[in-house]
Amino acid sequence: MNWKRSLLLVVIASVLVFAAACSNSGGETVTEDGKKVVTFWHAMGGGPGEAIDQMVADFNAQSDSVQVEAVYQGSYEELLNQLRAVGGSSEAPALVQVYEVGTKYMSESGFITPMQKFIDEDNYDLSDLEENILGYYQLDGELYSMPFNTSNAIMFYNKDMFAEVGLDPENPPATFSEVKAAAEKLTKKSGNETEVYGFAILIYGWFFEQLLANQGGLYLDADNGRSGNPTKATIDGTEGQAVFNFLHDMNESGYLGNFGRTWDDIRAAFRAGQLAMYLDSTAATRDNVTHSPFEVGTAFLPHPDSVGPNGVIVGGGSLWMTNQVSEDTQDAAWEFIKFSTQPGVQAKWAAATGYFPITKAAYEEDTLKAVYEEHPQFTTAVQQLQNTQLTPATQGALMNVFPEARNIVENAIEELYENGDPEGVLKRASDAITEALKN
């Protein structure tokens, strides 16, 4: 029985060591050397997750009073579900990264402290942050969360394939009709089998939202839910029909590849030379450029021939402060948030991930200049963002049922590919979102 007694002593010793290292007094957790511990939940895996770990390590190394502990919680959806489970309790983290469509839910959840509180108390200057990024996260002029990982949607294309079929690799298609004409040349068939599809779009509601906003189209009434609570979806208007008609036409022509709803599948097809053009997040830029055995081109989102581009909605996520930790811990978390917006930190983050900086001064940092010089594909997203006209359409829609609405649109796209009838499919999707809003 001596081994059991020895094991018990080891466990007791381990508990005592942990208690000595971290004490909890008045709702605060502190390290052995007196640093306030800030728990930070995030949804970044792979390379972006490693970049977050490095950012946190850099912050902890320079801070005498705060230690941030980053905890990966899975996908955006998984993280939000975890947060819902502990929101309003002492188990909630101090900081949490939430994807952009969670903005409405978070702002009305009751368990966050608006970022504007810290901005006002600290006289923090927001003027160096990109207006088109701030515009999404500001509600009635108040900033509820701090933009963190910011992306938009762009088109990637295979420059080698363009050259092979006589297309100008430096002049990618800009309109729906130009995309179709290029896709016709780029699509390669062997009998009844398609070896290379000219164009594809991931079945993900975000891309529909982007193509809608690029025409100035609204997703919801009440100015996209920004001047009041929305009561009706408006996606079946002229702009939405233009998108569904385009996808239907491309699918019927045989130029459109259907790679489902999984990001990895469509990216793998592009890098394997099975796909010539496709839409993706700017966050895929680094991997596409470095892991494709051909020269990769990037272009703005296409738009209907009759409508000029209005711009894009920011994607990605932002940092939210919960009110389930002490005010001192919130102040400690604010120190990390300020650190994350510094030009040098933003430049390093953008260079490592392909997300673009939220801080204008980051573009003057040598770290980012070197990456942009080596890989000019990174600059497409920046130019597209800076060319965006800030309107209710490009600010993005606000509603509590956004994840459900996206799923409705995704189901509608799959139905479109199977059965056609763009007008009827989109009308049913719009009605379903309206019903979700009512419920």
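Since the model is a prediction, treat every value here as computed from it, not as a measurement.

> Can you explain the pairing of strand β12 (residues 193-196)? Please cite residues and give values.
Sheet topology places strand β11 (residues 188-190) next to β12; three bridges connect them, and they run antiparallel. Bridge pairing in β12 links K188 to V196. Counting the residues between successive antiparallel strands, the hairpin from β11 to β12 contains two residues, one of them, G191, with a positive phi of roughly 65°.

> Could you give an account of empty space enclosed by the protein, with specific residues and numbers?
Scanning all chains against the criterion turns up three cavities of 30 Å³ or more. Taken as a whole, the largest cavity encloses approximately 90 Å³ of empty space. Around the largest cavity, the lining is made up of 16 residues, and of these E209, I313, G396, A397 and F402 lie nearest the centre. Of all the elements in the fold, those that place two or more residues in the lining of the largest cavity are α9 (205-213) and α19 (402-419). Looking at which element gives the most residues to the lining of the largest cavity, the answer is α9, with three residues. In this model, the second largest cavity occupies a volume close to 40 Å³. Lining the second largest cavity, in full, are I201, L202, I203, Y204, F207, F208, L211, V243, L247, I413 and Y417. The set of elements that each furnish at least two residues to the lining of the second largest cavity consists of α9, α11 (238-253) and α19.

Analysis parameters
- Residues numbered from 1 in each chain as written.
- Predicted model: local features only at pLDDT ≥ 70, side-chain atom pairs only at ≥ 80, totals over all residues.
- Heavy atoms only, no water.
- Pairing = 2+ DSSP bridges.
- Helix = DSSP H or I, 4+ residues; strand = E, 2+ residues; numbered from the N terminus.
- 1 Å grid on protein atoms, 1.4 Å probe; cavity = no way out; pocket = protein on both sides within 12 Å on 5 of 7 lines; lining within 4 Å.
- Points joined across faces, edges and corners; volume = space filled by probe spheres on them.

On their own, these measurements won't tell you what the molecule is for.
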